[in-house]
Amino acid sequence: MLAFRPELLTAVERVATGALTAWMKARCGGGQTGGVLVRHRFGNSLNLHIHSHLLMMDGGYVERGDGTLESRAGGPVTEQELVGLAGKIRARIMTLLKRRGLLRRDEVNNEPPRQDALDACANVARGHGTRERRGPALGLVDEDDVEHPRGGAAANVDGMNLYASGVLDGVDRERLEVLCRYLLRGPLALQRLTQLPDGRLSDRMKKPDRWGNTVMILTPVEMLMRLCSLIPAPG
């Protein structure tokens, strides 16, 4: 639903960022806070997977009477906090979808729904593709360690997934750059893509999947269909 409706996806992201901003302000006793949202359309296997990353201040700041700024840290995030926050975000998103008439049950119809070319591409891109265990596993990259560092907390409330990483010291500019590069990376790394003798394409994944497979095998047409779904809609 969100993949090809940019105005709806923007509205959902606005709901989430609004809840997160209010939550952070409450944690640090008021003031101002902020962050940068980066939208990702892809998963590890070039699959269509809409999710957002928010690089957010830990806490906020208030302006003193003399015009200087006082920073206020938010403190460690607990899993219980995230569960409550995820539930609140989910409820608001459901309200938004209901208000726009997008959750009404369709009339019963035994005929299969008609699909256009973009729907067909999306169906292919939502799958995980053919995977194989080929060669040594590719080692984990530093960027993954940044996204899931120790000390983070996670919550899943009826399909609403929310993850809060540990705090990154803003003085550590090198690690902050690694994090920003991870957020702004593209879905496809050409150095991990090779063509097999039979014409199919082999895409080495950055890390093994849960079954230990390290590559994904695609026909050229499957690759093109996946890439078509990963292109954002106009606007």
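Summarised in this report is the structure supplied together with it. Predicted model, so just to flag it, every value in this text is computed and none were measured.

### Focus: helix H1 (residues 6–27)
Reasoning step 1: Taking 1.5 Å as the rise per residue, H1 with 22 residues should run 32 Å; its terminal C-alpha atoms sit 31 Å apart, in good agreement.
Reasoning step 2: Immediately downstream of H1, the backbone of Gly29 shows phi near 80°, a positive value.

### Thoughts on the packing of aromatic side chains
Reasoning step 1: Under the counting rule described, the total for this entry stands at zero aromatic pairs.
Reasoning step 2: One Lys or Arg, Arg185, reaches over the ring of Tyr182 and ends 3.9 Å from the middle of that ring.

### Describing the nonpolar core
Across soluble globular proteins, nonpolar side chains show a tendency to be buried alongside one another.
Reasoning step 1: Residues Leu82, Leu85, Ala86, Ile89 and Ile93 are the most contacted members of the largest nonpolar core, which totals 22 residues.
Reasoning step 2: Only H1, helix H2 (79–99), strand S6 (153–157) and strand S7 (160–164) provide two or more residues apiece to this core.
Reasoning step 3: Looking at this core element by element, the count peaks at nine residues for H1.
Reasoning step 4: Residues within four places of Leu82 in sequence aside, it is in contact with Val77, Ala153, Ala154, Ala155, Leu162 and Ala164.
Reasoning step 5: Judged by nonpolar contacts, the second largest core, of 11 residues, contains Phe42, Leu48, Ala122 and Leu230.

### Brief notes about a nonpolar patch on the surface
Reasoning step 1: There is a patch of nonpolar side chains on the surface, built from Met57, Tyr61 and Leu69 and spanning about 270 Å² of accessible area.
Reasoning step 2: Classification of Met57 by relative accessible area gives partly exposed; the value is 34%.

### Thoughts on the environment of Asp119
Reasoning step 1: Within the element layout of this structure, Asp119 appears in helix H3 (residues 117–126).
Reasoning step 2: Along the primary structure Asp119 and Ser229 are separated by 110 residues, whereas in three dimensions their C-alpha atoms are 8.7 Å apart.

### Describing the side chain of His40
Reasoning step 1: By secondary structure assignment, the location of His40 is in strand S1 (residues 35–42).
Reasoning step 2: Here His53 takes part through its side chain, which lies 3.3 Å from a polar atom of the side chain of His40.
Reasoning step 3: A distance of 2.7 Å separates the side chain of His40 from the backbone oxygen of Leu183, its partner in a polar contact.
Reasoning step 4: Apart from residues no more than four positions distant in its own chain, His40 is found in contact with His49, Ile50, His51, His53, Tyr182, Leu183 and Arg185.

How each quantity is defined
Residues numbered from 1 in each chain as written. Predicted model: local features only at pLDDT ≥ 70, side-chain atom pairs only at ≥ 80, totals over all residues. Heavy atoms only, no water. Helix = DSSP H or I, 4+ residues; strand = E, 2+ residues; numbered from the N terminus. Expected span 1.5 Å × (residues − 1). Phe/Tyr/Trp six-rings, centres within 6.5 Å; stacked < 30°, edge-to-face > 60°. Lys NZ or Arg CZ within 6 Å of the ring centre and 35° of its normal. Core = buried A, V, L, I, M, F, W, Y, C linked by side-chain atoms within 4.5 Å. Buried < 20%, exposed > 50% of the residue type's maximum accessible area, 1.4 Å probe, protein only. Contact = heavy atoms within 4.5 Å. Patch = residues over 30% accessible without salt bridge, like charges linked within 9 Å, V, L, I, M, F, W, Y side chains within 5 Å. Areas by Shrake-Rupley, 256 points an atom, 1.4 Å probe, with all protein chains shown as cover. Salt bridge = Lys/Arg side-chain N within 4 Å of Asp/Glu carboxyl O. Polar contact = N/O pair within 3.5 Å; in protein donor to acceptor, adjacent residues only side chain to side chain.

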